[in-house]
Amino acid sequence: NKLDSRLSMAHFYIAFTAIAIGGLFGLLQTLVRSEMITLPSSLNYYQILTAHGVLMAIVFTTFFIFGFLYASVVRTTGELSCGKRRAAWIGFWMMTVGMVLGVIIIMLGEATVLYTFYAPLEAHPLFYIALALIIVGTYFGSFAIIKQYNDWRKQHKGEKSPLIVFMAVATLVLWLIATIGVVATVVLQFIPWSIGWVDEINIALSRTLFWYFGHPLVYFWLLPAYMAWYVIVPKIIGGKIFSDSLARLAFLLFILFSIPVGFHHQLLEPGISHEWKFIQVVLTFAVIIPSLMTAFALFATFEMRGRSLGGKGLFGWVKKLPWKDVRFLAPFMGMAIFIPAGAGGIINASNQMNQVVHNTIWVTGHFHLTIGATVALTFFGISYWLIPHLKGRVLTKQLNGLAIYQSVLWVVGMLIMSGAMHFSGLLGNPRRTQVTTYFDHSVATSWGAYETAMAVGGSLLFISLILYLTLMINLSFFAPKGQEEFPIGEEADESIQPPAILENWKVWIGIAFALILFAYTIPIIDIIQNAPPGSKGFKFW
Ligand code: HAS
């Protein structure tokens, strides 16, 4: 349906604009940190860092994800009704106005608060209003998708829902529960504080509410990539989904365990007792399980397909996979990188080791491997077939070849940059710091070479990004007309019905809230009761 294609494409155009500007700011970061350039006096380091983080981690991801979710739902359950489409467009415009407003405020130097924006840093009230617009906009989009799923189930009683739609709904349920924290801190704390209605803000509370949202946020980015890994990649390689039930269970476990774990970002913060930190670290190790299940299922899918094509021996099947197809290669490289990236996450989550890496550039390395490589490469892989599919064009052999260059260049750039970040983080190189101010100090002598490596990696990434955007423009407007497939995989054994409990949302949402109340009620009461005199906030302008 043309109208639904237009809805998805509108989201992709904004996502591509965000990654273009955000990517340029990323390149500037690496060049400034390595002292290759100095910024003009009208721009400061923290300002472009904020713009880079907001545009890449919030705007690019959210718009791309909604574009992909709409397309997936429409592909498997049919076109959206007028009412749902209207809700989706209202959401789109609210998000777009929020994004433009937020970027203007950042560029005016009125919101140099980094993409995590918790207190004591304080921005102009319009920055928080912009964030609120983006979040409320996503609620309209979520409504359209969840309503579409409910209507489908009413019309198909007793049938299992399409796996990809189930996954889209699970992703949005996670998002809706997670955003309660950020809405609470923005509406109840930041807007009144920044307008001046109240003088002080409870810093620990603002950080706790932020991380209640901030950790599941990373799974809101990851789960759409998992949708592609579980449902789309098997079809691209000509194989089958290993297990529909396992995939559904993995998504449900993310709803349960991704939220009551925010304290693993606050292990070094005062004001939260170590018993509660310990409990949330244990829950963090529980949220690793669905990723391990995913790794198992993907290896099984790949091996089954490789062997069905005649691959022999322990690893002979690996050669049979379609390495020259970017729709497979790009997400596969993302999966491969997720193995060390996930291991890095496990290191971060381990209380003692977190003392070593916290607030060093190691953490920046970790999230460039997870969101910047694993998720981004999967999104690249998706866009190489989805954009031509929506625009009635085809990914020709030549474009596929260029897309492979682009993805490989991204991997090389990301490995150089993130590798240097990990190593120099272990030498104490701080993140989010205008590090050049330390360069005449002996502690910093070992960082210089790594900063240069980051600039080299960052430059390769920027070249790859330009190639990506050129390919996206080509696939949207100039590639030959035709029909590109929207690949949807089938389960290896279609006769197996997933247990009904897997689609009983009341049970899963109920358990999720029980876990959240258990992990957060007492610590939040403590934080409110024991709050030291609050902060007036730091403004940078
Ligand atoms: Fe993280 C900080 C812990 C996953 C993103 N993380 C961050 C920040 C971001 C982020 C943005 O515990 C910084 C926030 C800030 O600005 O302060 N993270 C974890 C853990 C996991 C994890 C335990 N993170 C992610 C994902 C992200 C992401 C995913 C984005 C998408 N993270 C932390 C902690 C911190 C943190 C602490 C705070 C640090 C601090 O002190 O500030 C786990 O979910 C990871 C589990 C993953 C695995 C890997 C499974 C592998 C798979 C691939 C299979 C491959 C195949 C291909 C089949 C166990 C599924 C085979 C190919 C071959 C070649 C063999």
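No experiment lies behind these values; they were computed from the predicted model shown.

Conventions adopted
- Residues numbered from 1 in each chain as written.
- Predicted model: local features only at pLDDT ≥ 70, side-chain atom pairs only at ≥ 80, totals over all residues.
- Helix = DSSP H or I, 4+ residues; strand = E, 2+ residues; numbered from the N terminus.
- Rg over C-alpha atoms; globule rule 2.2 N^0.38 Å.
- Buried ≥ 20, exposed ≤ 12 C-beta atoms within 10 Å, placed from the backbone.
- Contact = placed C-beta atoms within 7 Å.
- Core = buried A, V, L, I, M, F, W, Y, C linked by C-beta atoms within 7 Å.
- Near = placed C-beta within 6 Å.
- Nonpolar A, V, L, I, M, F, W, Y, C, P; charged D, E, K, R; others polar.
- Domains from an automatic or database assignment.
- Expected span 1.5 Å × (residues − 1).
- Axes fitted to C-alpha atoms, helices over the stretch in contact; angles between N-to-C directions.
- Parallel < 35°, antiparallel > 145°, perpendicular 65-115°, else oblique.
- Left-handed = near helix turned anticlockwise from the far one by under 90°.

With that settled, consider the overall build of the protein. Scanning the protein from N- to C-terminus turns up 15 helices and zero strands. Taking 2.2 N^0.38 as the reference for a compact globule, 541 residues should give roughly 24 Å; the C-alpha atoms of the protein span a radius of gyration of 23 Å, in line with that estimate. Overall, the C-alpha framework of the protein stretches about 60 × 50 × 45 Å when taken along its three principal axes. Scored against the burial criterion, the 541 residues of the protein give a buried share of 50%. The long-range fraction of contacts in the protein, counting pairs at least 24 apart against all pairs at least 6 apart in sequence, stands at 85%.

Backbone geometry follows two general trends: most residues other than glycine have a negative phi, and most peptide bonds adopt the trans configuration. The step from A119 to P120 runs through a cis peptide bond, and the omega angle for that step is 15°. When you line up the elements, P120 lands in the loop between helix 3 (82-107) and helix 4 (125-155). A positive phi angle, near 65°, is found at E35, a position not held by glycine. Take E35: it is sitting in the loop between helix 1 (2-33) and helix 2 (45-77). Backbone geometry at F117 places phi at a positive 40°, although glycine is not the residue there. Its place among the elements puts F117 in the loop between helix 3 and helix 4.

Let's shift gears to the nonpolar core. Grouped together as the largest cluster of nonpolar side chains are 174 residues, with contacts concentrated most on A168, L174 and L223. With 24 residues, helix 6 (residues 203-236) is the single largest residue contributor to this core. Look past the residues within four positions of L223 in its chain and what remains in contact with it is M167, T171, L174, F251 and F254.

A separate point is the site of the ligand. Around the ligand, the surrounding shell holds 32 residues, and the nearest of these are G342, G345, N348, A349 and T370. Where the shell around the ligand is concerned, the elements lending two or more residues are helix 6, helix 8 (274-287), helix 9 (289-308), helix 10 (326-349) and helix 12 (361-391). For the shell around the ligand, the leading source of residues is helix 10, giving nine residues. Grouping the constituent residues of the shell around the ligand by class yields 19 nonpolar, 13 polar and no charged. Structurally, the shell around the ligand is a two-domain feature, drawing no fewer than three residues from each of domain 2 (160-236 + 238-282 + 504-535) and domain 3 (322-503).

What follows deals with helix 7 (residues 244-257). Over its 14 residues, helix 7 runs 20 Å from end to end, which matches the ideal 20 Å to within 8%, given 1.5 Å per residue. By the criterion of burial, helix 7 is predominantly enclosed, with 10 of the 14 residues buried. Turning to helix 7, its buried residues number three or more, namely D244, A247, R248, A250, F251, L252, F254, I255, L256 and F257. On its buried face, helix 7 sits against helix 5 (163-195), helix 6, helix 8, helix 9 and helix 15 (505-529).

Below, the discussion takes up the domain arrangement of the protein. By the assigned domains, the protein splits into domain 1 (1-18 + 47-157), domain 2 (160-236 + 238-282 + 504-535) and domain 3 (322-503). Computed over C-alpha atoms only, the centres of domain 1 and domain 2 are separated by 18 Å. Between domain 1 and domain 2, the residue contacts involve 27 residues of the former and 29 residues of the latter. For the side of domain 1 that touches domain 2, the elements supplying multiple residues, two or more each, are helix 2 and helix 4. Element by element, the count of residues in the side of domain 1 that touches domain 2 is highest for helix 4, at 12 residues. A breakdown of the residues in the side of domain 1 that touches domain 2 according to their chemical character gives 17 nonpolar, eight polar and two charged.

Before going further, it helps to examine helix 13 (residues 397-426). Taking 1.5 Å per residue as the helical rise, helix 13 with its 30 residues ought to reach 44 Å, and the 43 Å between its terminal C-alpha atoms agrees with that figure. G428, located one to two residues past helix 13, shows a positive phi value of around 90°.

Further remarks concern the environment of L39. Within the fold, L39 resides in the loop between helix 1 and helix 2. C-alpha of L39 to C-alpha of P388: the two residues are 349 residues apart in sequence and 39 Å apart in space. Residues in contact with L39, not counting those within four places in the same chain, are V32, N44 and Y45.

This next bit is on the packing of helix 4 against helix 5. Packing of helix 4 against helix 5 brings their axes to within 9 Å, and their N-to-C directions diverge by 155°. Comparing their axes, helix 5 and helix 4 come out roughly antiparallel. The hand of the helix 4/helix 5 crossing is left-handed. For the contact of helix 4 with helix 5, the per-class residue count stands at 21 nonpolar, four polar and no charged.

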